[in-house]
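Residue-level listing of the chains:
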Amino acid sequence: MSFFQNTCKPKGFAGKIMVNMMNTGHAALAEWGLTHIKIRNDDFCLDIGCGGGANLKRLLGKSSNGHITGVDYSEVSVQKSKKLNRAAIQEDRCEVLQGNVMNLPFSENSFHLVTAFETIYFWPGIQVAFQQVYRVLKNGGTFLICNESNGKNTKDEKWTDIIHGMTIYTSEQIEKALKNAGFSKIQVEQNEKGWLCAICKRDN
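Residues numbered from 1 in each chain as written. Predicted model: local features only at pLDDT ≥ 70, side-chain atom pairs only at ≥ 80, totals over all residues. Heavy atoms only, no water.

Participant: Before we go on, may I ask you to explain the sheet that holds strand β5 (residues 137-147) in this structure?
Facilitator: Adjacent strands of a sheet pair through backbone hydrogen bonds, lying either parallel or antiparallel. Pairing is mixed across the open sheet formed by 7 strands, whose spatial order is β3-β2-β1-β4-β5-β7-β6. Each having just a single partner strand, β3 (94-98) and β6 (184-190) make up the two edges of the open sheet. Neighbour to neighbour, the strand axes of the sheet diverge by 15° on average, direction disregarded. Where helix α6 (residues 126-136) meets the sheet, it contacts β1 (44-48), β4 (111-117) and β5, and its direction lies at approximately 140° from that of β5. (Pairing = 2+ DSSP bridges. Helix = DSSP H or I, 4+ residues; strand = E, 2+ residues; numbered from the N terminus. Axes fitted to C-alpha atoms, helices over the stretch in contact; angles between N-to-C directions. Contact = heavy atoms within 4.5 Å.)

Participant: Would you mind showing me how to read the nonpolar core here?
Facilitator: In globular proteins that are soluble, nonpolar side chains generally tend to be buried together. One finds W123, F130, F143, L178 and F183 to be the most contacted residues of the largest nonpolar core, which totals 30 residues. When residues of this core are traced back to their parent elements, those giving at least two are β1, β4, α6, β5, α8 (171-180) and β7 (196-201). Here the element with the most residues in this core is α6; it accounts for 6 residues. Setting aside chain neighbours within four positions, we find F183 in contact with F130, V133, Y134, L137, F143, L178, C200, K201 and R202. Listed in part, the 23 residues of the second largest apolar core include V78, A88, C94 and L144. (Core = buried A, V, L, I, M, F, W, Y, C linked by side-chain atoms within 4.5 Å. Buried < 20%, exposed > 50% of the residue type's maximum accessible area, 1.4 Å probe, protein only.)

Participant: Would you take a moment to explain α8 for this structure?
Facilitator: Along an α-helix, a turn takes 3.6 residues, which lines up residues three or four apart on a common side. Along α8, the residues classified as buried are S171, I174, A177 and L178. Projected onto a plane normal to the axis of α8, the buried residues spread over an arc of 135° and lie on a single side. In this structure, α8 carries K176 and K179 as exposed residues pointing more than 90 degrees from its buried face. Of the surrounding elements, those touching the buried residues of α8 are α6, β5, β6 and β7. Downstream of α8 by a residue or two, G182 has a phi angle that is positive, lying close to 110°. (Arc of directions from axis to C-beta.)

Participant: Would you explain unusual backbone geometry in this entry?
Facilitator: In most cases, non-glycine residues show a negative phi, while peptide bonds are predominantly trans. A positive phi angle, near 50°, is found at E118, a position not held by glycine. Notably, K185 is not glycine yet its phi reads approximately 50°, a positive angle. Within the secondary structure, K185 sits in strand β6. Residue K185 is classed as exposed on the basis of its relative accessible area, which comes to 64%.

Participant: Would you mind showing me how to read the side chain of T69 here?
Facilitator: Relative to the elements of secondary structure, T69 occurs in strand β2 (residues 67-72). Here T69 is in contact with C45, L46, D47, L56, E95, F106 and F111, once residues within four sequence places are set aside.

Participant: Help me understand the packing of aromatic side chains, please; the structure alone is not making it clear to me.
Facilitator: The description of two aromatic rings rests on the distance between their centres and on the angle between their planes. Inspection of every chain in the model, using the stated rule, returns 7 aromatic pairs. For the ring pair Y134 and F183, a centre distance of 5.2 Å and an interplane angle of 85° mean the geometry is edge-to-face. Residue Y134 is located in helix α6, and its partner F183 is located in the loop between α8 and β6; the two are separated by 49 residues in the primary sequence. Considering the side-chain rings of F143 and F183, the 5.7 Å spacing of their centres and the 35° angle between planes classify their relative orientation as tilted. On the criterion of sequence distance, the pair formed by F143 in strand β5 and F183 in the loop between α8 and β6 is long-range, its members being 40 residues apart. (Phe/Tyr/Trp six-rings, centres within 6.5 Å; stacked < 30°, edge-to-face > 60°.)

Participant: Would you mind going over the pattern of salt bridges with me for this structure?
Facilitator: A side chain with one charge may pair with a side chain of the opposite charge, provided their charged atoms come close. This model, assessed by the stated rule, comprises 5 salt bridges. The salt bridge involving E31 is made with R58; its shortest N-O contact spans 3.0 Å. Of this pair, E31 sits in helix α2 (residues 27-34) while R58 sits in helix α3 (residues 54-62); the two residues are 27 residues apart in sequence, bridging distant segments of the chain. Of the residues examined, E31 reaches a relative accessible area of 40% and is grouped as partly exposed. Classification of R58 by relative accessible area gives buried; the value is 18%. Among the salt bridges present, the one from K185 reaches D203, with a minimum N-O distance of 3.9 Å. (Salt bridge = Lys/Arg side-chain N within 4 Å of Asp/Glu carboxyl O.)

What follows is the structure, given as structure tokens:
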């Protein structure tokens, strides 16, 4: 397995290196993405594909009386996220679980906010995955997607060539899948770096 395959599912020692790289390398994207939404002090939030747990820590800082949950299908990612957010877990403000986006281990109407940073590339079917997100969101809840690649830069094809199972989606593909999953009030933002941010609501 190539080192960069660990972006999909971190494993072993190389995976531990990768999740540390993710925590620092995705920081600017996460901060940019979070400027597009409002997080209330008592929100229940879910970060899917939580990786090394840096975004769980950001969400904890923005919802000091809420509860933040992370889920990832990589054991290495779960371990790192738990270590980084140990204090919040001990205070019962945070929980990190190993699970799959295609069958989220949560009941309906559980979260005010669901986030996905640099992870939908690796979901085996975004239509089904988005339906799962819709299911666990509360009525009026927000789903935030942030990607560094918008599917229109041919230079990004090198990553799909070397990372098995990776798909880079355009804003049009993401918006269509979100609509088909039931989401409304879909807003897509892009910046000069080619980063993409999609924000949508569950309204019923």
